[in-house]
Amino acid sequence: MRILQFSLTCLLSIISVPFIWASSKEQLFYDAVRFEATGNIDQAIENYEKILDQASSANLHGNLANLYYKNSDYGRSILHYRKALLLDGNNREFLSNLSFVCRKANLENTDPPKNNFFDGFSINFWKGLLVFFLWFGLLLISFLFFLRTTNRSIIFACLAWAGAITLLTFVVFDFTRHENLTESQVIALLDRKQGDDNASATIPLRRFAASSSTANASVRAGESLFVDQSQLEGYQSHQGPNSQNWLLVRTADNLKKGWVRQDEVGWILKN
Amino acid sequence: MSIKTILHLLLIFSLGVIAQKTLAQSIRVEANFTPSSVSNTSRTVYKVVIHGTQQNPQGSLPQVPGLRISNNPQSLRSANFINGVPSVRVELNFQVQPQRTGNFTVPAWKVMIEGKSYQVPPATLQVLDPSQQEKQAHQDLRQAAFLELPFSRSYFFEGETIMTSLTLFIWDRLPVNRIENAPTKIGESFSSNNLGKWTAEKRNVSRNGKIYSTFTWPVALTAAMAGTKEISFTVNLRVRVNSRKNSPFSSPFFNDPFFGFGREESLTVELPRKSIEIKPLPSANRSSDYSGAIGNFRAQSSVDANQIEVGDPVRLNFSIEGKGNFAAIPAPILESNEEFKIGPPAFLFEGNEEIKSEGRQNFEFILTPQKAGNLKITPLNFSYFDPIQEKYSTIIGNEINLFVKPGEKWIEPPNQNKSQNSMPSNIAMSTNDLFQTASDPGIWHSSLQPKSIESNYWFWTFQILPLSGTLAFGLLGWKRRNKFNEDFRIKKANLSRKLNENADHRDPTGFFRAFKDLTRMQISKKDKSRNTFAFSSDELITFIKEQKFDKNLIIEIEEMLRLGDGLEFAESSSQELDFKDLRRKVSEILKKLS
């Protein structure tokens, strides 16, 4: 009986956790909107950032990006628009806002290398389509075989099926490659204290993973960078003194490369 | 003389004084039943107390019809000082078992003490039915601890929140250890606030000639439906009771001299059910926007800023102040329109959150202007029912003007190289207002990484269906194809054998029939959609011609078929036929056909 009671209590506790969690994050969101409405931008940002520890939503990133823009922190604004677009890729407001902020930050294009081929659908759509064609083709061929159709018809169906499968496999492969690129993508960010003159401030790409190192080049806040993959596993990183993490990054055109502190960049795919 | 000797002398002197005093004390006799009221199923004690002596009295206890009194009393002697005065007494306890209900009196009787005769006063016992006795006990208990719930009016309205207080009276002599729980409401006709710890406590409150301590809880009751409804409250007290069987609930335990010692028991105090008339709200003159507010209120609307930019949120605060059923008042309806995107309202109450009957209720809306200009916020009217005046009232909201400045807009950049700009063309043409704040969070995601379709259980489960279909069609097709080929082979062999036999027996009709069937079989592979086995000679020739065979072969087949038809139907002569040559020709034709 006691075990039953204990189990029920545990079960109820576990069930109730998501509800408590959900209500708290929604409350924080509404409070943040309220703070913004009363002009308390910093408090609103703080609230949104608190929610990010729990979950994220397209609107949350969109609102946060708006607030960073209002605070002239273009790097973080771009970062959060990019995050918002990951969750709601077709949102015209986010796309317009991102373009506007990029122009304001004197950035030509901070977009990820776009997947122009069959763009507009998610990778899951293409994967689903690939599986559908795979099985549809196999079913059709086996059905023709069952109907004792002529070999010529079966061979024709096989060829058409193989062609479609090859094409779709290429699309899925292309999307996966693009996804991997996004995974390694970061946005250059300025120190929060430096936010006043964002458009002209830059982030140095250092020769070595040390603050005292001279810079190879520099990038503007909001610019897209890609973290180099390590030959072993993960990304090219270095643990410096004072537990500072350094990442080896390069620009999309590979013209600039160097080390940045982890807090000088924001991962697009990580909360 | 030593000090020890002096102390001894003083002790002897004191004892002498005590003995003299005691002897000088007059003898007094008392008699009573303890308890004096019992049910006919329980026992009581007839107690005779003789003050001023410790000698056993001599006497004969009179018999009382209806009472069985023990002849073997328990005697107790005691000696003590009360305010410096020595006192001795002897107590005789006779066990009494009542045999029926009624009032019984043990008449006065005489006892001999120290050679003198004394009169024992009469004593009366009330024997009640068990229910009567219980009622009596309850009556006593009701006076020991009771609840009180006053109402200011004789009737209320459906949905009205009635503010009152529940008071627990505890008689000072009732040995209450603690109040076990907050009072609990009985009955579903009213909803009530949660009663936690009492909010007021008073001592020495006089009621019914007794002194009480009182504990008060504020109560907000809301009638759920119209009609005459009952309500009651109950609360449990933890009291100390005598360990004796007949205490405290079968008798008024507070008369017990051993009161305050023994075990703890729970005592339930219940408010006698109160009937309250609940009237339905009048339907006459009810405003269309009335949403259930009952009380007396004031309302006003305000915004935080009068000048903002398109897309910037602004707070609209609609507050209702006064007394009434705040808990039942919904937020006013304010929907998004072309001018404003409006988020869900936030409820903020200033006052006692538990009772919510008096204070200020704020409804905060976040309005995001969608276009520039001098915009007017829809006035918020508020209707309520005043239960004192028994009529509906409407507070007309004030009109709020908001000057919205145009925000930044997306304008297509001049001379932009479209190949470099990866923005979709429809976005570039957009002139949407920028940086608009979303007033709701939308769908929550635990990760920014899109969830891979392969991680979905159903993705793999659904593939079982086409896999099963493919395997089924493949296997069945394989089996079917093999059967068809085998049948074809056997049939062909049979026909070939028949052809040879007919040639050996020089049977032209059978020979040509076999040839015709073999030809039909061979050409059946060419088009499986047509049943070639049912073809006549002419149809067969036409079909062969359609299949674009060699012309010589077609001629040879046609010749053979005509020859066979001639022999079978025109009865031509078969004497000149060379079956050896015919068999060779047939063999060549069939080879070419396959």
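Engineer: So what about the overall build of chain B? Which residues, and what values?
Structural biologist: Scanning chain B from terminus to terminus reveals 9 helices and 32 strands. Residues counted as buried form 41% of the 594 residues belonging to chain B. For chain B, the share of sequence-separated contacts (at least 6 apart) that also reach a separation of at least 24 residues comes to 70%. Of the roughly 33700 Å² of accessible surface on chain B, 51% is carried by carbon and sulfur atoms.

Engineer: Which residues make up the environment of Q300 of chain B, and what are the values?
Structural biologist: By the element assignment, Q300 of chain B lies in strand β23 (residues 295-303). Ignoring any residue separated from it by four or fewer positions in sequence, one finds Q300 of chain B in contact with N317, F318, S319 and N398 of chain B.

Engineer: Describe the interface of chain B and chain A, naming the residues involved and giving the relevant values.
Structural biologist: Chain B puts 57 residues into the contact, and the matching count from chain A is 62 residues. Both sides of the chain B and chain A interface together cover about 5400 Å² of buried area, and 60% of this is carbon and sulfur. On the chain B side of the contact with chain A, F435, W444 and L448 of chain B bury the most area, a combined 17% of that side's loss. Between the two partners, chain B and chain A, sit 3 salt bridges. As a salt-bridge pair, K127 of chain A and E454 of chain B come within 2.8 Å of each other at their nearest N and O atoms. Across the contact surface, chain B and chain A share 12 residue pairs in polar contact (both at pLDDT 80 or more). Of all the elements in the fold, those that place two or more residues in the side of chain B that touches chain A are β25 (314-324), β28 (358-369), α3 (425-428) and α5 (464-504) of chain B. In terms of residues, the side of chain B that touches chain A owes the most to one element, α5 of chain B, which gives 12 residues. The residue makeup of the side of chain B that touches chain A, split by class, is 26 nonpolar, 19 polar and 12 charged.

Engineer: Give me the lowdown on the packing of helix α7 (residues 537-546) of chain B against helix α8 (residues 551-569) of chain B, citing residues and values where you can.
Structural biologist: The description of two packed helices rests on the angle between their axes and on the distance between the axes. All names here are of chain B. Close contact between α7 and α8 brings their axes to 10 Å; oriented N to C, the two are set at 175°. The orientation of α7 with respect to α8, classified from their angle, is roughly antiparallel. Between α7 and α8, the contacting residues are S537, D538, L540, I541, I544 and K545 on the first element and I554, I557, E558, L561, R562 and D565 on the second.

Engineer: So what's going on with the sheet that holds strand β10 (residues 116-120) of chain B? Which residues, and what values?
Structural biologist: Residues and elements named next belong to chain B. Taken together, the 3 strands give an open sheet; going across it, the order is β4-β9-β10, and neighbouring strands pair in antiparallel fashion. Looking at the sheet topology across the chains shown, the edges are occupied by β4 (58-59) and β10. Where strand β9 (residues 109-113) and β10 come together, 5 bridges link them in antiparallel fashion. Looking at β10, one finds that W109 is bridged to V120.

Engineer: Run through a nonpolar patch on the surface, naming residues and quoting values.
Structural biologist: Residue and element names in this part refer to chain B. Residues Y457, W458, F462 and L465 make up a contiguous nonpolar surface patch of roughly 540 Å² in combined accessible area. As for its position among the elements, W458 is in helix α4 (residues 457-461). Take W458: its relative accessible area is 48%, and that puts it in the partly exposed class.

Engineer: Before we move on, could you go through the packing of aromatic side chains and cite the residues and values that matter?
Structural biologist: In this structure the tally under the stated criterion is 38 aromatic pairs over all chains. Seen in terms of ring centroids, F145 of chain A and W478 of chain B are 6.4 Å apart; in terms of plane orientation they differ by 25°. Their pairing is stacked. Of the two residues, F145 of chain A sits in helix α6 (residues 123-146) while W478 of chain B sits in helix α5, which places them in two different chains. With relative accessibility at 21%, the residue F145 of chain A sits in the partly exposed group. Its relative accessible area of 55% is what places W478 of chain B among the exposed residues. When the ring of Y46 of chain B is compared with that of F94 of chain B, the centres are 5.9 Å apart and the planes differ by 40°; the resulting orientation is tilted. With a gap of 48 residues between them, Y46 of chain B in strand β3 (residues 44-51) and F94 of chain B in strand β7 (residues 85-98) connect regions that are remote in the sequence. Site record: aromatic cluster; members linked through ring pairs are F297, F318, F326, F347, F349, F363, F382 and Y384 of chain B.

Engineer: Which residues make up the pairing of strand β19 (residues 210-223) of chain B, and what are the values?
Structural biologist: Looking along a regular strand, one sees the side chains alternate between the two faces of the sheet. Residues and elements named next belong to chain B. The element β19 is extensively covered by neighbouring structure, given that 12 of its 14 residues are classed as buried. Strand direction decides the pairing type here: strand β17 (residues 190-192) and β19, joined by 3 bridges, are antiparallel. Looking at the pairing, S192 lines up with L221 of β19. Pairing of strand β18 (residues 200-207) with β19 involves 6 bridges; the strand directions are antiparallel. Bridged to S206 within β19 is I211. The turn joining β18 and β19, which pair antiparallel and follow one another in sequence, is formed by 2 residues; a positive phi near 55° is taken by N208.

Engineer: Tell me about the environment of I203 of chain A, and please be specific about residues and values.
Structural biologist: Residue and element names in this part refer to chain A. Along the chain, the position of I203 falls in strand β2 (residues 202-206). For the pair I203 and A188, spaced 15 residues apart in the sequence, the C-alpha separation amounts to 7.0 Å. Excluding residues within four positions of it along the chain, I203 makes contact with A188, L189, L190, A217, S218, V219, R220, A221, V260 and E264.

Engineer: Tell me about the pattern of salt bridges, residues and numbers included.
Structural biologist: All told, the structure shown has 35 salt bridges over all chains when counted by the stated rule. Across the pair R34 of chain A and E364 of chain B runs a salt bridge whose closest N-O atoms are separated by 2.8 Å. Highlighted residues: R34 of chain A in helix α1 (residues 2-37) and E364 of chain B in strand β28, drawn from two different chains. On the basis of relative accessible area, E364 of chain B is assigned to the buried category, the value being 6%. A salt bridge links R584 of chain B to D581 of chain B; the nearest nitrogen and oxygen atoms lie 2.4 Å apart. Highlighted residues: R584 of chain B and D581 of chain B, both in helix α9 (residues 579-593), separated by 3 residues, approximately one helical turn.

Engineer: Lay out the sheet that holds strand β24 (residues 307-309) of chain B with the relevant residues and their values.
Structural biologist: All names here are of chain B. Spatially, the 3 strands line up as an open sheet ordered β24-β32-β29, and their pairing is mixed. For this open sheet the edge positions go to β24 and β29 (373-377), each flanked by a neighbour on one side alone. Direction aside, neighbouring strands of the sheet carry axes that sit 35° apart on average. As defined by bridge partners, β29 adjoins strand β32 (residues 400-405) across 5 bridges and the pair is classed as antiparallel. Of the residues in β32, the one forming a bridge with K376 is N401.

Engineer: So what's going on with the nonpolar core? Which residues, and what values?
Structural biologist: Residues and elements named next belong to chain B. Of all hydrophobic cores here, the largest spans 35 residues; its most connected members are L168, L174, F233 and L237. Elements with a contribution of two residues or more to this core: α2 (130-144), β12 (145-148), β14 (161-171), β19, β20 (227-240), β21 (264-270) and β22 (274-279). F515, L518, I554 and L593 belong to the second-largest nonpolar core, a separate cluster that totals 30 residues.

Calculation notes
Each chain carries its own residue numbering, running from 1 in the written order of its sequence. To label them, take the chains in the order written and letter them from A, then take the ligands in the order written and number them from 1. Given that this is a predicted model, residues contribute local features only at a pLDDT of at least 70 and side-chain atom pairs are listed and counted only at 80 or more, while totals for whole chains, interfaces and linings are drawn from all residues. Only heavy atoms go into the side-chain values, all of them from the structure, while hydrogens and water stay out. We count a stretch as a helix when DSSP gives it H or I for four or more residues in a row; a strand needs E for two or more, and each element gets its number in order from the N terminus. Burial status follows relative accessibility: with a 1.4 Å probe on protein chains alone, a residue under 20% of its type maximum counts as buried, one over 50% as exposed, and anything between as partly exposed. What makes two residues a contact is simply this: any of their non-hydrogen atoms within 4.5 Å. Every accessible area reported is derived by Shrake-Rupley at a probe size of 1.4 Å, with residue values counting cover from the shown protein chains alone. What counts as buried area is the accessible surface, traced by a 1.4 Å probe, that two parts surrender upon association, with contributions from both included. Within this document, salt bridges are pairs made up of a side-chain nitrogen of Lys or Arg and a carboxyl oxygen of Asp or Glu, the two lying within 4 Å of each other. Polar contacts here mean pairs of N or O atoms no more than 3.5 Å apart (in protein, one a potential hydrogen donor and the other a potential acceptor; neighbouring residues in sequence count only if both atoms are side-chain atoms). For this classification, Asp, Glu, Lys and Arg are treated as charged, while Ala, Val, Leu, Ile, Met, Phe, Trp, Tyr, Cys and Pro are nonpolar and the rest, including Gly, are polar. Fitted lines through C-alpha atoms give the axes, limited to the stretch in contact for helices. The angle between two N-to-C directions lies from 0 to 180 degrees. Oblique is the label for any angle not covered by the other classes, which are roughly parallel (under 35 degrees), roughly antiparallel (over 145) and roughly perpendicular (65 to 115). Being paired, for any two strands, means DSSP has found at least two bridges between them. The residues that make up patches have over 30% relative accessible area and no salt bridge, and they are joined within 9 Å when like-charged or within 5 Å when they are Val, Leu, Ile, Met, Phe, Trp or Tyr. Under the pairing criterion, centres of Phe, Tyr and Trp rings, with the six-membered ring standing for Trp, must be within 6.5 Å; the plane angle then separates stacked pairs below 30 degrees from edge-to-face pairs above 60, leaving the rest tilted. By nonpolar core we mean a set of buried residues, namely Ala, Val, Leu, Ile, Met, Phe, Trp, Tyr and Cys, connected to one another through side-chain atoms within 4.5 Å.

Coordinates in, geometry out; function isn't part of it.
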